[in-house]
Amino acid sequence: MSQPEQDDLLRKASDWWSTSIIDIHPGKIAVRGYPIEQLIGNVGFTDMIWLMLRGELPTRGQSALLEAALVPGVDHGPHAPSIAISRMAVSCGLPVNGAMASAVNVLDDVHGGAGQQCMELYRQIDAEAGADGELVDSAARVLERRRAAGDKMVPGFGHRFHPIDPRTEPLFALVDRAVTVGVVAGRYARIGRAVESVLRNTRSRPIPMNIDGITAVIFCELGFEPELGRGLFVLSRSVGILAHAWEQKQQGARIKGPMPKEIPYSYLGPERRDLPQRSDPKPR
């Protein structure tokens with residue numbers, strides 16, 4: 001192989017995995033260009049999340065608002081499927097990493113996807129309204145099209161457990177404060193309130209915004225893509241998954257199913273019956 005061919009092969013090998021995120025050489029590590037020794041002790045974990053995903057460090061206001069959105073999603077009790085799975089996995093002998101992987105894998109469209117779906121809804125309303133459109137009317141049109149297409153649920157609104165989600169208003173207050181000081185524009189906060197207004201006026205009972213709806217507001221205001229919104233929720237919930245997995249490990253119970261053995265499940269099949277005699281010959 002000639003020297004030019006060798007050089008070309010080396011270039012192809014080097015380019016096989018290309019990244020603008022991190023640059024590592026012996027004794028040197030830089031994240032998005034910043035030496036790791038300068039980042040350590042000077043930026044927080046939320047700042048690192050932003051830097052990794054967006055390429056630049058956030059302002060203090062942006063970092064504070066993102067952190068506020070990550071705090072309330074960490075846990076929703078052992079009845080939440082992701083948390084329950086982490087505890088059951090540990091009781092079946094999995095180490096913490098296996099329990100966390102098992103739990104994170106269920107954070108898909110049904111359990112864990114509402115935040116991303118709500119961000120997509122807000123984006124649709126934003127596009128529908130354009131720069132000068134009325135947001136409530138635009139929200140009504142988008143919601144009606146979704147209803148006509150068969151969407152029964154409005155992601156980010158209503159909650160199966162909380163009549164009013166206690167996490168929503170404190171976060172909205174922080175969003176309003178961030179709008180006042182110019183950290184975010186407030187466009188998606190108005191869109192979120194427009195959706196809530198439409199639901200209040202068109203449904204037989206109130207369907208208030210939940211944690212997914214308000215974090216969708218925050219993530220949209222901060223400029224994150226919807227799919228990253230789901231990833232941010234997974235990062236948040238992973239803290240609760242880890243805590244519950246570790247607690248279950250300390251408790252030491254073995255093979256815990258979804259409910260105590262004293263509580264039976266509901267069997268809906270036929271009554272017990274005898275196996276009938278078969279007249280057909282056995283296959284040879």
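A short tour of the structure in this document, coming up. What you are looking at is a predicted structure, and each value in this text was computed from that prediction instead of being measured.

1. Comments concerning the nonpolar core
Most often, soluble globular proteins have nonpolar side chains that are buried together. One finds Y122, F157, V195 and F219 to be the most contacted residues of the largest nonpolar core, which totals 43 residues. Among the secondary structure elements, those contributing two or more residues to this core are α3 (45-54), α4 (60-70), α7 (114-129), α8 (135-148), α9 (168-180), α10 (187-202) and α11 (211-221). With residues up to four places along the chain from it excluded, the contact list for F219 reads L66, A69, L70, M119, F224, G229 and L232. Residues A103, L107, F233 and V234 belong to the second largest nonpolar core, which totals seven residues.

2. Regarding the environment of D176
Along the polypeptide, D176 turns up in helix α9. On the accessibility criterion, D176 (31% relative accessible area) is partly exposed. Once the C-alpha coordinates of D176 and I21 are considered, the two residues, 155 residues apart in sequence, prove to be 32 Å apart. Within the structure, D176 has its side chain in polar contact with the side chain of R193 (distance 3.0 Å).

3. Points about α7
Helix length check: α7, at 16 residues, gives a terminal C-alpha distance of 22 Å against a target of 22 Å (1.5 Å per residue), a fit within 8%. For α7, the full list of buried residues reads A114, G115, Q116, C118, M119, L121, Y122, I125 and A129. Looking at the buried positions of α7, the neighbouring elements they touch are α8, α10, α11 and α12 (226-251).

4. Digging into the state of the cysteines
What the rule picks out here adds up to zero disulfides. Cysteine C118 shares no disulfide, and the gap to the nearest cysteine sulfur, in C220, comes to 7.5 Å.

5. A short note on a nonpolar patch on the surface
Taken together, M259, I263, Y265 and Y267 make up a surface patch of nonpolar side chains, about 490 Å² in accessible area. By secondary structure assignment, the location of Y267 is in the segment after α12.

6. Let's talk about the sheet that holds strand β1 (residues 22-25)
Within the open sheet, the three strands sit side by side as β1-β2-β3. Their pairing is antiparallel. A strand with exactly one partner marks an edge of an open sheet, and here the two such strands are β1 and β3 (34-35).

7. Focus on the environment of R160
Looking at where R160 falls in the secondary structure, it is placed in the loop between α8 and α9. The class for R160 is exposed, based on a relative accessible area of 68%. Between the C-alpha atom of R160 and that of M119, which follows or precedes it by 41 residues, the distance is 20 Å. Ignoring any residue separated from it by four or fewer positions in sequence, one finds R160 in contact with H79 and P81.

8. Digging into the packing of aromatic side chains
Within the structure shown, the criterion is met by two aromatic pairs. Measuring from centroid to centroid gives 5.2 Å for W50 and F224, while their planes differ by 80°, and the two rings are edge-to-face. Highlighted residues: W50 in helix α3 and F224 in the loop between α11 and α12, separated in sequence by 174 residues. Each member of the pair, W50 together with F224, is buried. Where F219 meets F224, the ring centres are 6.3 Å apart and the plane angle is 80°; that geometry is what we call edge-to-face. Judged on exposure class, the residue F219 and its partner F224 are both buried. Grouping aromatic residues by their ring pairs yields a cluster made of W50, F219 and F224.

Rules behind the numbers
- Residue positions are given per chain, counted from 1 along the sequence in the order it is written.
- The predicted origin of the model limits local features to residues at a pLDDT of at least 70 and limits the giving and counting of side-chain atom pairs to 80 or more, whereas totals for whole chains, interfaces and linings rest on all residues.
- As a rule here, side-chain values cover all heavy atoms of the structure and leave hydrogens and water aside.
- Throughout, nonpolar core names a set of buried Ala, Val, Leu, Ile, Met, Phe, Trp, Tyr and Cys residues whose side chains join them through atoms within 4.5 Å.
- Only protein chains enter the area calculation, which uses a 1.4 Å probe; residues under 20% of their type maximum are buried, those over 50% are exposed, and those in between are partly exposed.
- By definition, any uninterrupted DSSP run of H or I lasting at least four residues is a helix, any uninterrupted run of E lasting at least two residues is a strand, and each is numbered from the N terminus.
- Note on definitions: a residue-residue contact is assigned when non-hydrogen atoms from the two residues lie within 4.5 Å.
- Any N or O atom pair separated by 3.5 Å or less is treated as a polar contact, with the protein-specific requirement of one donor-capable and one acceptor-capable atom, and with residues adjacent in sequence counted only for side-chain atom pairs.
- By this rule, a helix spans an expected 1.5 Å times one less than how many residues it contains.
- The disulfide criterion used throughout: a pair of cysteine sulfur atoms within 2.5 Å.
- Patches were defined on residues exceeding 30% relative accessible area and lacking a salt bridge, with like-charge contacts within 9 Å and nonpolar side-chain contacts (Val, Leu, Ile, Met, Phe, Trp, Tyr) within 5 Å.
- Here the open area of atoms and residues is found with the Shrake-Rupley method and a 1.4 Å probe, where only the protein chains shown may cover a residue.
- For this document, the term salt bridge refers to a Lys or Arg side-chain nitrogen within 4 Å of an Asp or Glu carboxyl oxygen.
- Strands are treated as partners if at least two bridges between them are detected by DSSP.
- Classification of ring pairs uses Phe, Tyr and Trp, with its six-membered ring standing for Trp, and accepts pairs whose centres are within 6.5 Å; under 30 degrees between planes counts as stacked, over 60 as edge-to-face, and the remaining range as tilted.

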